[in-house]
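# Chains, contacts and geometry: an overview
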Amino acid sequence: MYEPSYRLINPQANRSFVFKWEAFDLTTRWHCHPELELIYFMKGRSNAIIGNGFNEFEAGNLVLLGSNFPHVLQENPTYRLQYPEEKPFGLIIQFREDFLGEPFRNAPELHPLRNLFQLAKRGLVFGEKVGRIAKPLLEQMNLVQDARKLILLLEILLSLAESDDFSFLLHEDYYFDFSQDEERMWRVKQYVFANFKEQLSIDKAAELANLSKTAFCRYFKSRTLKTFTRFINEVRVAYACKQLLNRDFSIGAVCFEAGFNSLSYFDRIFKEITGKTPQEYRQVSLFIHG
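So, here is what we can say about the structure in this document. (Residues numbered from 1 in each chain as written. Predicted model: local features only at pLDDT ≥ 70, side-chain atom pairs only at ≥ 80, totals over all residues. Heavy atoms only, no water.)

Right, let's get into the environment of Gly-123. In this fold, Gly-123 is placed in the loop between helix H3 (111-119) and strand E10 (124-126). Spatially, the C-alpha atoms of Gly-123 and Val-63 are 7.3 Å apart, while their sequence positions differ by 60 residues. Ignoring sequence-local partners within four residues, the contact set of Gly-123 consists of Leu-64, Leu-65, Phe-69, Ser-167, Phe-168 and Leu-169. (Helix = DSSP H or I, 4+ residues; strand = E, 2+ residues; numbered from the N terminus. Contact = heavy atoms within 4.5 Å.)

If you want it as structure tokens, here you go:
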């Protein structure tokens, strides 16, 4: 089997972890990333390459994959033939072991989580016993604000850590060392995070990655499934989301503070990424947060 590609996971606005409640993307390449990945299959049936094995998952399955664990979800031909208009649907949560910071990660009370993350290097699929506890909490996550999402995530992870109702997907730890590739992407990410309010240069990013401009564009798209411009816009929108919670800032001020130089472009990109206009996002967010 060919070597998996390194995938850059872009953080979401106002969250320390990535939360995706949507139809599964079954068109990606075999890949891995430093983030652990919790997958709750809610509808349909999907094939998957997990580590060096082939698997089939259906509604109700709950899986936890460790850091840098190669995987990809794929179309199940039988399900596709039976239900051509329906796409497998579920919840994906991606997070780093230190997503709440090193002091929290190393707290003695969280030893069960550290053990869980170690076990996840072999891939874990959980049974019905623990599922009866975790699945209602997972489904509740889509209905609550971000602070409660975090609390629910910790409760879910602790429930998984305290249970012996699981089986391994592989017989041994399976992960790739992408330290060199990760270092390259880290340099590019740091450049964007430090300078997103200013005019960013693809040439500078390519230089940091030690690639030509053309090679960098191909490299970045293969690792992120998005263009460099799209990544920059997502970082800017994530920052804008935080600023919109401050009533003292006008939407125009937030636009330019986040690095956009056109209000109409800001409105269009913001809605493309969040599904709401900046004004709609502010109204909903201020209502939730008081």
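From this point, the discussion proceeds with the structure in view.
Taken as a whole and assessed by the stated rule, the structure comprises zero disulfides. Free of any disulfide, Cys-255 has its nearest neighbouring cysteine sulfur in Cys-241, separated by 13 Å. Assessed through its relative accessible area of 0%, Cys-255 is described here as buried. (Disulfide = S-S within 2.5 Å. Buried < 20%, exposed > 50% of the residue type's maximum accessible area, 1.4 Å probe, protein only.)

This part takes up the nonpolar core. Val-192, Phe-216, Phe-220, Phe-228, Phe-266 and Phe-270 are the most contacted members of the largest nonpolar core, which has 32 residues in total. Within the residue set of this core, elements represented by two or more residues are helix H6 (179-195), helix H7 (202-208), helix H8 (213-224), helix H9 (228-243), helix H10 (251-257) and helix H11 (263-274). The contact partners of Phe-270, leaving out residues within four places of it in the chain, are Val-237, Ala-240, Cys-241, Leu-244, Gly-275, Lys-276, Thr-277, Pro-278 and Tyr-281. In this structure, Leu-91, Phe-126, Val-130 and Leu-152 belong to the second largest nonpolar core, which totals 31 residues. (Core = buried A, V, L, I, M, F, W, Y, C linked by side-chain atoms within 4.5 Å.)

Looking now at the sheet that holds strand E9 (residues 89-95). Here six strands make up an open sheet; going across it, the order is E2-E9-E4-E7-E10-E11 and the pairing antiparallel. The sheet is open, and its two borders are formed by strand E2 (18-23) and strand E11 (166-168), each paired with just one other strand. Averaged over neighbouring strand pairs, the angle between their axes works out to 20 degrees when direction is ignored. Against the sheet, H3 engages strand E4 (36-43), strand E7 (62-65), E9, E10 and E11, with an angle of about 115 degrees to E10. (Pairing = 2+ DSSP bridges. Axes fitted to C-alpha atoms, helices over the stretch in contact; angles between N-to-C directions.)

A word on the packing of aromatic side chains. A complete count under the given rule lists 19 aromatic pairs for this structure. Taken together, a centroid distance of 4.9 Å and an interplanar angle of 15 degrees make the contact between Phe-41 and Phe-57 stacked. With Phe-41 in strand E4 and Phe-57 in strand E6 (residues 53-58), this residue pair connects regions lying 16 residues apart in the sequence. You can call Phe-57 buried: its relative accessible area is 4%. Ring pairs connect the aromatic residues Phe-193, Phe-216, Phe-220, Phe-228 and Phe-231, which therefore count as one cluster. Of note, Lys-149 hangs over the ring of Phe-19, and the distance from its end group to the ring centre comes to 5.0 Å. Lying across the ring of Tyr-219, Arg-184 places its NZ or CZ 5.1 Å from the centre. (Phe/Tyr/Trp six-rings, centres within 6.5 Å; stacked < 30°, edge-to-face > 60°. Lys NZ or Arg CZ within 6 Å of the ring centre and 35° of its normal.)

Of note, Ser-159 is situated in helix H5 (residues 146-161). Residues Ser-159 and Gly-131, spaced 28 residues apart in sequence, show a C-alpha to C-alpha distance of 9.4 Å. With sequence-adjacent residues up to four places away left out, Ser-159 is seen in contact with Val-130 and Ile-133.

Attention now goes to the pattern of salt bridges. If you walk through the whole model with that rule in mind, you get eleven salt bridges. In this structure, Arg-15 and Asp-146 form a salt bridge, with 2.9 Å as the shortest nitrogen-oxygen distance. Taken together, the residues span a long stretch of sequence, with Arg-15 in the loop between strand E1 (5-6) and E2 and Asp-146 in helix H5 at a distance of 131 residues. Overall, Arg-15 belongs to the partly exposed group, its relative accessible area being 26%. Overall, Asp-146 belongs to the partly exposed group, its relative accessible area being 23%. Its salt-bridge partner being Arg-230, residue Glu-234 comes within 3.0 Å of it at the nearest N-O pair. Taken together, the positions of Glu-234 and Arg-230, both in helix H9 and four residues apart, correspond to about one turn of that helix. (Salt bridge = Lys/Arg side-chain N within 4 Å of Asp/Glu carboxyl O.)

Take the pairing of strand E5 (residues 45-50) next. The buried fraction of E5 is high, at five of six residues. Pairing between E5 and E6: six bridges, direction antiparallel. Residue pairing in the sheet places Ala-48 in a bridge with Asn-55 of E6. Alignment of E5 against strand E8 (residues 71-75), held across five bridges, turns out to be antiparallel.

What follows deals with the packing of H3 against H5. Here H3 crosses H5 at 70 degrees, and the two axes come no closer than 9 Å. Here H5 runs roughly perpendicular to H3, going by the angle between their axes. Each of Pro-112, Leu-113, Leu-116 and Phe-117 in H3 lies in contact with H5, whose residues at this interface are Leu-157, Leu-158, Leu-160 and Ala-161. Considering only residue class, the contact of H3 with H5 consists of eight nonpolar, no polar and no charged. (Parallel < 35°, antiparallel > 145°, perpendicular 65-115°, else oblique. Nonpolar A, V, L, I, M, F, W, Y, C, P; charged D, E, K, R; others polar.)

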